[in-house]
Amino acid sequence: MVSSRRRHATPGRIDRVRRQAVPKPRVIMALLLLLGLVCVMLLDGYLRAEVGDDQRVRSDASADTVPDSVLDGGPLLSFDGGSARAQSVPDRTIVLTFDDGPDPEWTGKVLDVLDDNDVPGTFFLVGSMISRYPDVVRRMVDDGSEVGVHTFTHVDLSYRSEARVEREIAQTQLALAGAAGITTTLFRAPYSSTNEAIDDYSWPVYQRLGAMGYTSVFIDTDSEDWQRPGVSNIVKWATPKDGEGASVLFHDSGGDRSETLAALPTYIKKMKAKGYTFTTVSGAQQQAAEAERGQDDVQAGPGAQAPRGTSSAQAAHRTADTATRWEGRALLAAVAVAEWTVPGLAAVLGVVGFAVLGRFGLMLLLARRHHRRRNRRRFSWGPEVTGPVSVIVPAYNEKECIASTIGSLAASTHPIEIVVVDDGSTDGTAEIVEALGLPNVRVVRQENAGKSAALNNGVRQARYDIVVMMDGDTVFEPDTVHRLVQPFADPEIGAVAGNAKVGNRSTMIGAWQHIEYVMGFNLDRRMYDLLRCMPTIPGAIGAFRRSAVLGVGGMSDDTLAEDTDITIALHRAGWRVVYAEHARAWTEAPATPAQLWRQRYRWSYGTMQALWKHRGSVTDRGPSGRFGRVGMPLVVLFQIVTPVFAPLIDVFTVYAMVFVDFRASLLAWLAVLGVQLFCAAYAFRLDREKYRYLLMLPLQQLAYRQLMYLVLIHSCVTAATGGRLRWQKLKRTGEVGAHRPGAEAG
């Protein structure tokens, strides 16, 4: 993770640097990951038939346009030559039909019963179920049963557009082709029953399908096994009257089918004893056609069965062409990905949700303890630190802010020297500082070498053992330095993190960052302080023992997060790092999404670099290994893993609202938001901030967090591909210096 020596972008190279700030291929990859996740979840929701109403939309419609010959005819409706023809099942013939499968639990057992009794069945399959359980379909076809289309999502087609009808049929046929290499000419509409149920809304659908070559299959008798009425009633209701032939309806999916399995053998034996034969829809059609031609003598005698696995029993099947088979296999592959991905992500979501809530609970508990401990009347770090300190201000083209920054330091109540390290500025930053004519201010000029080099130069130039580091766009309050250096009364403390506040919080993006700083960064620092594993001293406000910094080799340019790098290095050197909540600094946060992206991308990627650089801390022993044993796992979990997957809460909430239960999902999301709001309110209370900014929290969760998710994904992709990034200079406005926001707190 060692990068080459970084330099600030010169004016001639600024446009190129800006373009490098967000490398397009990696951004595209991050967006593609998000898009892929959304597509997989949409496919999964579609497969589970959870879009829209899974029920008959209307009933009791008139049937004025439906021919009487169809309403009073048999259950096998075809349109040979364009004319409707409703054939009946021949007498003493049973067509066993099963709806809503295939089912991984019940369909195989139904096939076992049919095999044991040597009878075929006709299964009307839901395309989404075919896609999920193709092996069951292959067995079905291999066993000699016939299959038909039952739509892809089990939706009532009577009130759908022509495009939707065609899509439902085509997708089911694709699934069949992928699963068994066939297509079929049989169709049964969901929620259909006898011919008498055809109405003016459904009749055009059957006409369209008939023109496409489909035979629509209705029923004569309904076992009503879906009601689980008991085995005897299932057998009774499925039995046709007076030796009539019948298309009989059972179900092999859609719930507990144990009663169906118990009733089937009894029913088959009963009907065989009455002299009935069993066949498929195609077999019944062939027998009916032969009877109409006066060839009854060729029909099988009583007790005989339709040929198993012959063309007559599966005449509705068509061999799918090569292109259709490959399209079907692609569909099955996509479904397989969705079948594994969504449940897997759901499991990850459970872990992430537990981790997020656990983090909130841990932060609240430790933050409260930290606040009570540090704000006790008798609490003291030791003797008051009153000696002078050095304040180092690295600056590169900070003309908008530098005067306000130095002016705020000049008002400090603590004795300080100010060392401004001008890192090759081209906008007159050094001249502005010198023109202020303030005492105890030194300007050190150097060639453009980067922030780390500027800070190291400042440390070397510092006259005092305690050095305070800040950014050139940051404003200190008069007592900030004094409060920041008090922990150095304890000789074990090597560095102190201050309380960085967002100064330009009047805009929406500023308010979002303000919430993040107070709730995330500062509440986190209280927790890490008590656990003695502070991961980062903010660049905007931090104090160090000069000897400690020099002892670990100074500020390293190995990573983009020099503040995290030096903090971990100090831990490993045995120093303690603490948080001074009352030492406040006001910093100018990025004012546009593009600037925010660049900053957080650098932070995220730099943190990953620092963690990788110090991965050996996990095996360090003694006090120096505390960060590796405690801090490293917490930072990886809470700052990388959890943030990457945390947006799944929002994504799955939308998924559940659309595909499952809108009300319950909304309430669950609001409950999580309530927990976050409570934590944020407590953090605001500890920092004495105005609560009105919390009104932005819901929108922050919907928009801002997704942006941070993409930034972190972008950083992970960069880390995985070995990409590098320069230290970026953000455009400043000087807003924080022009309007001191100290009055906002309190």
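What you see is a predicted model; the values in this text were computed from it and never measured.

Caption draft 1: Structural detail: the nonpolar core. Among the nonpolar cores identified, the biggest contains 76 residues, and Met469, Met527, Tyr528, Phe544 and Leu570 are the most heavily contacted of them. At eleven residues, helix H17 (residues 508–531) tops the list of elements feeding residues into this core. Setting aside residues up to four positions removed in sequence, Leu570 forms contacts with Gly494, Ala495, Phe544, Ala548, Val549, Val552, Trp575 and Val577. Core analysis: the next-biggest nonpolar cluster, separate from the first, contains 41 residues, Val137, Ala175, Phe250 and Leu261 among them.

Caption draft 2: Representation of the pairing of strand S15 (residues 441–446). Bridging between strand S14 (residues 416–423) and S15 involves six bridges; their strand directions are parallel. Counterpart to Val419 in the pairing with S15 is Arg442. Each parallel crossover has a hand, and the one from S14 via helix H14 (residues 429–436) to S15 is right-handed.

Caption draft 3: Quick peek at the pairing of strand S18 (residues 493–502). Counting buried residues along S18, ten of its ten residues qualify, which places the element largely inside the surrounding structure. Here eight bridges tie S18 to strand S20 (residues 576–587), and the two strands are oriented parallel to one another. Across the sheet, residue Ala495 finds its bridge partner in S20, namely Val577. As paired elements, S18 and strand S19 (residues 542–545) share three bridges and run antiparallel to each other. By the bridge assignment, Ala495 is partnered in S19 with Phe544.

Caption draft 4: Layout of a nonpolar patch on the surface. The grouping of Met508, Leu699 and Leu702 at the surface amounts to a nonpolar patch, some 270 Å² of accessible area in total. Topologically, Leu702 is positioned in helix H24 (residues 697–721).

Caption draft 5: Structural context of the pattern of salt bridges. Inspection of every chain in the model, using the stated rule, returns 29 salt bridges. Asp558 serves as the salt-bridge partner of Lys613, at 3.0 Å between the closest nitrogen and oxygen. Separated by 55 residues along the polypeptide, Lys613 in helix H20 (residues 593–613) and Asp558 in the loop between helix H18 (546–551) and helix H19 (562–572) bring together distant segments of the chain. The class of Lys613 is partly exposed, set by a relative accessible area of 31%. Connected through salt bridges with shared partners, the residues Lys501, Arg505, Arg526, Glu581, Asp687 and Glu689 form a single ionic network.

Caption draft 6: Inspection of the sheet that holds S20 at higher detail. Pairing is mixed in the open sheet, where eight strands are placed in the order S15-S14-S13-S16-S19-S18-S20-S17. Each having just a single partner strand, S15 and strand S17 (474–476) make up the two edges of the open sheet. Taken pair by pair, the neighbouring strands of this sheet meet at an average axis angle of 30 degrees, ignoring direction. As defined by bridge partners, strand S16 (residues 466–469) adjoins S19 across four bridges and the pair is classed as antiparallel. Residue pairing in the sheet places Val468 in a bridge with Ala543 of S19. Where H19 meets the sheet, its contacts fall on S18, S19 and S20, and the angle it forms with S20 comes to roughly 155 degrees.

Rules behind the numbers
Residues numbered from 1 in each chain as written. Predicted model: local features only at pLDDT ≥ 70, side-chain atom pairs only at ≥ 80, totals over all residues. Heavy atoms only, no water. Core = buried A, V, L, I, M, F, W, Y, C linked by side-chain atoms within 4.5 Å. Buried < 20%, exposed > 50% of the residue type's maximum accessible area, 1.4 Å probe, protein only. Helix = DSSP H or I, 4+ residues; strand = E, 2+ residues; numbered from the N terminus. Contact = heavy atoms within 4.5 Å. Pairing = 2+ DSSP bridges. Right-handed = clockwise from strand over helix to strand, strands pointing away. Patch = residues over 30% accessible without salt bridge, like charges linked within 9 Å, V, L, I, M, F, W, Y side chains within 5 Å. Areas by Shrake-Rupley, 256 points an atom, 1.4 Å probe, with all protein chains shown as cover. Salt bridge = Lys/Arg side-chain N within 4 Å of Asp/Glu carboxyl O. Axes fitted to C-alpha atoms, helices over the stretch in contact; angles between N-to-C directions.

No statement about biological role is implied by the geometric values presented.
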